[in-house]
Structures are given as C-alpha cells and as structure tokens.
Amino acid sequence: MEVFKRAILQPGPPESFALQTVQEVVKPQKQTKLAQDENQLLENILRTLLQELVSSAVQSGEQIMQYGQLIDDGETQGHIPRLLDIVLYLCEREHVEGGMIFQLLEDLTEMSTMRNCKDIFGYIESKQDILGKQELFARGKLVMLRTCNQLLRRLSKANDVVFCGRILMFLAHFFPLSERSAVNIKGVFNSSNETKYEKDPPDGISIDFNFYKTFWSLQEYFCNPASLTPAPAKWQKFTSGLMIVLNTFESQPLSDEEGDANNLEEEAANFSIKYLTSTKLMGLELKDSSFRRHILVQCLVLFDYLRAPGKNEKDLPSESMKEEIKSCEERVKKLLEMTPPKGKDFLSKTEHILDREKNWVWWKRDGCPAFEKQPLEKKTVQDVAKKRRPRWRLGNKELSQLWKWADQNPDALTDSQRVRTPSIMEYWKPLAEDMDVSAGIDAEYHHKNNRVYCWKGLRFSARQDLDGFSRFTDHGIEGVVPLELLPPDVRSKYQAKPNDKSKRAKKEETKGAAPQVEDNQIATPASEVDGEGTRADLEASAAQMDIDATATGNISQGGTPTPDEHQKQSSDTDVVQEAGQLEADAEVETGMIDGETDAEVDLDAVG
C-alpha cells in the first residue's frame, strides 16, 4: 500500500511507472499480466487504499476529488483522481482485470456525499471514451449501470433534475442503442408516481371543487393507461371527466395577450416536471398556456398508447372505444391549435414526435434487434478457391431437393394428382359449357376471350385432334371444340355438310391441275397418251364394271399418272390390262378421298 502512495505522488504520465509499481507490490508470475488470484489481491489493496484516502479527505474537510492537490507546473490533480488514472491505464493495457476500475468507481460513489458525487461523475464523463472501449465495456457495463442507478435513486427528481439528466445522457452514450437493459421491454408504467391533491373542499375559497377533483383525478389514468382497456367502467369514468375538462377549456379560451404573458421560452430555466395541486392555484393554472398544453399532450400520449400497434387482442380497444378516442382526439388537437402562442406549430411538432414513436414501439415489440451492422470481410481469391463445392446426389441442388420432396418418388411420378397435360375433352369442356345457351353464361366471361387459353388449346388440337383443328378456319376457336361435348342444337352448326367433301376435293383438283416435275419424270393423264381407239376401249371396259360413275369421273379428272413405258404400247390386250389396273387404283384412291384427304385439305387451308 505504501508503494502505491508513493506512486501517486510521482510526477509524469502513469505509463512510465504504473506497471513497475504493480510488479513491485504483487510480484506476479507473468511480467505483464496478472493471474486471477493476483488480480483479487491487487483489487483488495486498491479498495483499502481508496477508503483511506476518502477518510482522510473527509477529516480534512476538503472535497474528495480535490484532496491532496499538487500544484506543479500549472497542473492540479488530487490523490484520488491520480489513483484512478493509474488503475485505468493498467486496465486499458490489460495488465490487470478490466472491471477493476468500475469497481473502484462504485465504491467511491457509495462512500461520497451527493455534492462529491457530482465531481466524481464529472471524472467519469471525462473518461467516457476510454471506459467505453470494448475490452473494458464488456467487463464493467453491469457495474457501471448499477452505479448510475444507485445515484439516480439517491437524487431528488424535483431538485436534482440537471444531475439526473447528466446521468441519463451518459448512459445513453455509454450503452449501445439496442442494449436490452436500458429498454422497458414489457412496457411497465411507473404507477408509484402518484399525484396527490386535496380530497375535502377548503373553507373560504370560492372554487368549483367538483371540477378540481375531476381535473386532478385524470392523472390516475395518465399514470397507468393500460388499466383503461380491460375495464369499461374506468374508461367511462375517464371519458366523462375528460369531457368536463375539455368543455371548460373551450368555454374559457386564452387570448394572445395571456399566451405572450406566459412565454414558454422564458420559463425554460424554471421548468418543473410536476405542477402544484393546491386549490388556491387552480384559477391561475387554468390561465397558463403551458399548463393547458401539458394536460392536452398527456391526452394525446394516452390515445396514442391505446391505439399502438402490435398488441394482443385482449389489450386492443373495442370499436366503440375507437370512435370515442377519435372524437376526443379531434377536440384535443383543436384546443392545442387554439392555445397561444404558436398553437399550430406546437401541434405539428407534437404530431411528428408521436408518429415517430410508432417506430420505437415496433422495434421494442420485435425484441430490440441490433442496429449496428458488422462490416463484411473481404475474402481473397485463395480462400474462395480452397472452399470445396458441395456434392449433390443428382448433380445440383434443385434436382436433389425435388427428389427429397416425396418418400416414394416412383409413386409420386405416377400420382393422379400430379400436374400433367390434359386431354382434348378435358381441356375444351369449359368452352363447351360456355357455348351452351341454356347455361346462361355472359359473353364477357367466356373462355374464348382468354388468349392464353385459346393458344394452348390450338396447340393441343394440332397434336391430338386434326379434324377439330381444321374447323378453326371456318368457325374460329369455337369450331375446334370436339363435337361430342356440344349439345345437339349447337353441334349441328359445326358439323360438315355431305357436299363439303366434294367441294374440298374440287378445290384440291384445281390446285393439282398444273403439271409437276418430280425425279425428272413427266406424269401425264392416261387420256392424253392413248389415241381415240384406246379411249373407246377404256370406256367400253369401264361400262362393264359396276363402279360409281361419279367416282370414276373424279379419278379421270384427277389425272392419274401412268409410266412412260405404258404410253408406248398399242395392243388391245395391254390396254385392257391397263384399264383393269386403273380400276383397282380408283378404288383405293376413292377411299383416301373419303377419309384422310379432307383433313389434309383443311390443314392446307389453315396454312
């Protein structure tokens, strides 16, 4: 202990002798860092020394922080600040445990009077940057919080307003914004802040005592707004009392002269957090613009709390309460706007503050997430190259996840609920229902108005139903619908007539009348190759066959090609054989015209 007393008296910065002093007193195993038991030994020595210095300062009648001041080259510093500087340097350099300086400051405030605590707190404020470093803050934040809270309990909220504000401002800067210990998470109100007023009417004073009691009884609800929601009787009592107060404010408006007489800027130096409740002052307080604003702002704060977002259903106001809150709020805002001086400006600023308060309400209800974001570390190319790519069972992440979605994937692929391409009947069924007149579906709701639906249907029909697809040219999208889905009266409109096939065949014959060159072979009709005698023999042989004259005519008109070698033959026997061959070809080609050729003609027409 004597070694530290001599060290306090040494001039110069603490870094020149602090570590040597600790090594001399404790004699640690390591030269620069103390072990746990060595830290405890050093802390006991320093706390004992601090207690002796405080006792000596009290006996000498000097201020604690000025005790033993040394005046040397214009520098003035007492013994206790010098001791704290040495310990702070050792904690900052991690020679001793980081929470030791906070423990000494707590002991010092507990041993000092409130007058000396102001000087001690001034020292704490001057070292705020060093105390707030991460290596010290993590070890001593709870001790510092406990020290400040103890000071606030000892101070008077009415007489020591400035000192209380200094402590709160220090805590706001010292602790991060997201520190949960500094936030009222549950939203508990200070119900112990009771406003006392006279219960019995005084003698000899002309005042409306009922109004006096009603007015000050509102503070009970302002103190604990949460009690209004679950108790309808309390809410009715509060609203009835508030209506009386608002009616009084409206019946006794303040003039501009009265507002200028009570200028808030001039009263800032004498501002108090609570108003006096004496019956003798009631008349004067009602003429005070700041007093009225105080009460009206309390009403806005209460209304804002009742409508705050993120509450449970049981804590939310009922619909009738919401309507009453809205009507009362409009009256309160109107009175604030009418209250001089600068009522409109005061109201706009108050609304802005209450609107910003909603952000803090949501932040607290979300669990006070941290605002600070750590900077992203820049990864080098080598680190990225070393990182192994994950191996997926089916090649990539998406396919592997798809495979894991079902326990039995083969069954999942064949599941009836699986998305698949619909059949023609299933796809066109909604449009067929729209075409049924008896269904009574308005034209604007028909599926034919959906372009995507029609486009998909045409693709399905082109692949699965060429017959229906061919009707698109004549009848539009409604003609593509399978006839089996349509009612009889509608189906007849889209069915092909018997002579339609012959008309389509004639159109095709007209297109095919032009000569075609293929594989360097010229195809010519049989009627042009043979002479007149050959044509007569063909007609005679054709008359003996039981063939439809119309079909035979179609074949001859179609220009059935014969090879060049048949054109060189002139004997009747060859002609008869050729006529028989033509007869067989006519039968086959007639079947094709009746069956498949119609679809081909329609596809050409669509094209």
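In what follows, the structure referred to is the one given above.
Everything numeric in this text was worked out from a predicted model, so none of it was measured.

(A) A look at the overall build of the protein. Counting secondary structure elements, the protein contains 31 helices and 4 strands. Looking at the protein residue by residue over its 607 residues, the buried ones come to 34%. A sequence separation of at least 24 residues applies to 68% of the contacts in the protein between residues at least 6 apart. Of the roughly 39900 Å² of accessible surface on the protein, 51% is carried by carbon and sulfur atoms.

(B) View of helix 16 (residues 343–365). A rise of 1.5 Å per residue sets the reference length of helix 16, with its 23 residues, at 33 Å; its end C-alpha atoms lie 33 Å apart and thus fit the reference within 8%. Within helix 16, the full set of buried residues consists of Gly343, Leu347, Thr350, Leu354, Val361 and Trp363. A positive backbone phi angle near 90° is found at Gly367, which sits one or two residues after helix 16.

(C) Representation of the side chain of Arg82 within the structure. With respect to the helices, strands and loops of the structure, Arg82 is situated in helix 4 (residues 79–92). Buried charge without a partner: Arg82 forms no salt bridge, and the closest opposite charge is Asp85, 5.6 Å away. Within the structure, Arg82 has its side chain in polar contact with the backbone oxygen of Gln10 (distance 2.6 Å). If near-sequence neighbours (up to four positions away) are discounted, Arg82 is found in contact with Ile8, Gln10, Pro11, Gly12, Phe17 and Gln77.

(D) Expanded view of the nonpolar core. Counting 57 residues, the largest nonpolar core has Leu42, Ile80, Ile101, Leu108, Leu131, Met144 and Ile167 as its most contacted members. Of all elements in the fold, only helix 1 (2–9), helix 2 (18–26), helix 3 (36–60), helix 4, helix 5 (100–110), helix 6 (114–126), helix 8 (134–154) and helix 9 (161–174) reach the threshold of two or more residues within this core. Of all the elements, helix 4 adds the most residues to this core, at 9 residues. Ignoring any residue separated from it by four or fewer positions in sequence, one finds Leu42 in contact with Phe4, Val22, Val26, Leu34, Val96 and Met100. Among the nonpolar cores identified, the runner-up in size contains 34 residues, and Leu218, Leu246, Phe303 and Leu335 belong to it.

(E) Seen up close, the side chain of Asp465. Positionally, Asp465 belongs in the loop between helix 21 (451–464) and helix 22 (466–470). For the buried Asp465, no salt bridge exists, and the shortest N-O distance to an oppositely charged side chain is 5.0 Å, to Arg471.

(F) Summary view of helix 6. Helix length check: helix 6 (13 residues) gives 19 Å between terminal C-alpha atoms against 18 Å at 1.5 Å per residue, within 8%. Among all positions in helix 6, only Asn116, Cys117, Ile120, Phe121, Tyr123 and Ile124 are buried. Buried residues of helix 6, seen end-on, are gathered within an arc of 150° and therefore sit on one face of the element. Turned more than 90 degrees away from the buried face of helix 6 sit Arg115 and Ser126, all of them exposed. Tucked into the core, helix 6 has its buried residues touching helix 4, helix 5, helix 7 (128–131), helix 8 and helix 9.

(G) Structural context of a nonpolar patch on the surface. Together, Leu394, Leu399, Leu402 and Trp403 make up a nonpolar patch on the protein surface, roughly 350 Å² of accessible area in all. Inspection of the secondary structure puts Leu394 in the loop between helix 17 (381–386) and helix 18 (397–404).

(H) Looking closely at the packing of helix 3 against helix 4. Interhelical geometry of helix 3 versus helix 4 gives an angle of 165° and a closest axis separation of 10 Å. Between helix 3 and helix 4, the angle is such that the two are roughly antiparallel. Once helix 3 is placed against helix 4, the crossing between them reads as left-handed. Counted together, Leu46, Leu49, Leu50, Leu53 and Val54 of helix 3 and His79, Ile80, Leu83 and Val87 of helix 4 form the full contact between these two elements. For the contact of helix 3 with helix 4, a count of residues per class yields 8 nonpolar, 1 polar and no charged.

(I) Just the pattern of salt bridges, in detail. Applying the stated criterion to the full structure yields 17 salt bridges. We note a salt bridge from Arg166 to Glu125, for which the minimum N-O separation is 2.9 Å. Of this pair, Arg166 sits in helix 9 while Glu125 sits in helix 6, and the two are 41 residues apart along the sequence. With a closest N to O distance of 2.8 Å, Glu329 and Arg307 form a salt bridge. With Glu329 in helix 15 (residues 319–338) and Arg307 in the loop between helix 14 (289–306) and helix 15, the pair connects residues that are 22 residues apart, well separated along the chain. Under the relative-accessibility criterion, Glu329 is labelled buried at 11%. Residue classification places Arg307 among the partly exposed residues on the basis of a relative accessible area of 40%.

(J) Inspection of the packing of helix 14 against helix 15 at higher detail. The contact between helix 14 and helix 15 brings their axes to 10 Å, and the two run at 150°. The orientation of helix 14 with respect to helix 15, classified from their angle, is roughly antiparallel. The crossing of helix 14 and helix 15 is left-handed. Where helix 14 approaches helix 15, its residues Arg293, Leu296, Cys299, Leu300, Phe303 and Leu306 are matched on the opposing element by Ile325, Cys328, Glu329, Val332, Lys333, Leu335 and Leu336. Residue composition of the contact of helix 14 with helix 15, by class: 10 nonpolar, no polar and 3 charged.

(K) Molecular detail of a positive patch on the surface. Judged by side-chain charge, Lys199, Lys213, Lys234 and Lys237 come together as a positively charged surface patch. Along the chain, the position of Lys199 falls in the loop between helix 9 and helix 10 (209–223).

About the criteria used
- Residues numbered from 1 in each chain as written.
- Predicted model: local features only at pLDDT ≥ 70, side-chain atom pairs only at ≥ 80, totals over all residues.
- Heavy atoms only, no water.
- Helix = DSSP H or I, 4+ residues; strand = E, 2+ residues; numbered from the N terminus.
- Buried < 20%, exposed > 50% of the residue type's maximum accessible area, 1.4 Å probe, protein only.
- Contact = heavy atoms within 4.5 Å.
- Areas by Shrake-Rupley, 256 points an atom, 1.4 Å probe, with all protein chains shown as cover.
- Expected span 1.5 Å × (residues − 1).
- Lys, Arg positive; Asp, Glu negative; His and termini not counted.
- Salt bridge = Lys/Arg side-chain N within 4 Å of Asp/Glu carboxyl O.
- Polar contact = N/O pair within 3.5 Å; in protein donor to acceptor, adjacent residues only side chain to side chain.
- Core = buried A, V, L, I, M, F, W, Y, C linked by side-chain atoms within 4.5 Å.
- Arc of directions from axis to C-beta.
- Patch = residues over 30% accessible without salt bridge, like charges linked within 9 Å, V, L, I, M, F, W, Y side chains within 5 Å.
- Axes fitted to C-alpha atoms, helices over the stretch in contact; angles between N-to-C directions.
- Parallel < 35°, antiparallel > 145°, perpendicular 65-115°, else oblique.
- Left-handed = near helix turned anticlockwise from the far one by under 90°.
- Nonpolar A, V, L, I, M, F, W, Y, C, P; charged D, E, K, R; others polar.
- Charge placed at Lys NZ, Arg CZ, Asp CG, Glu CD.

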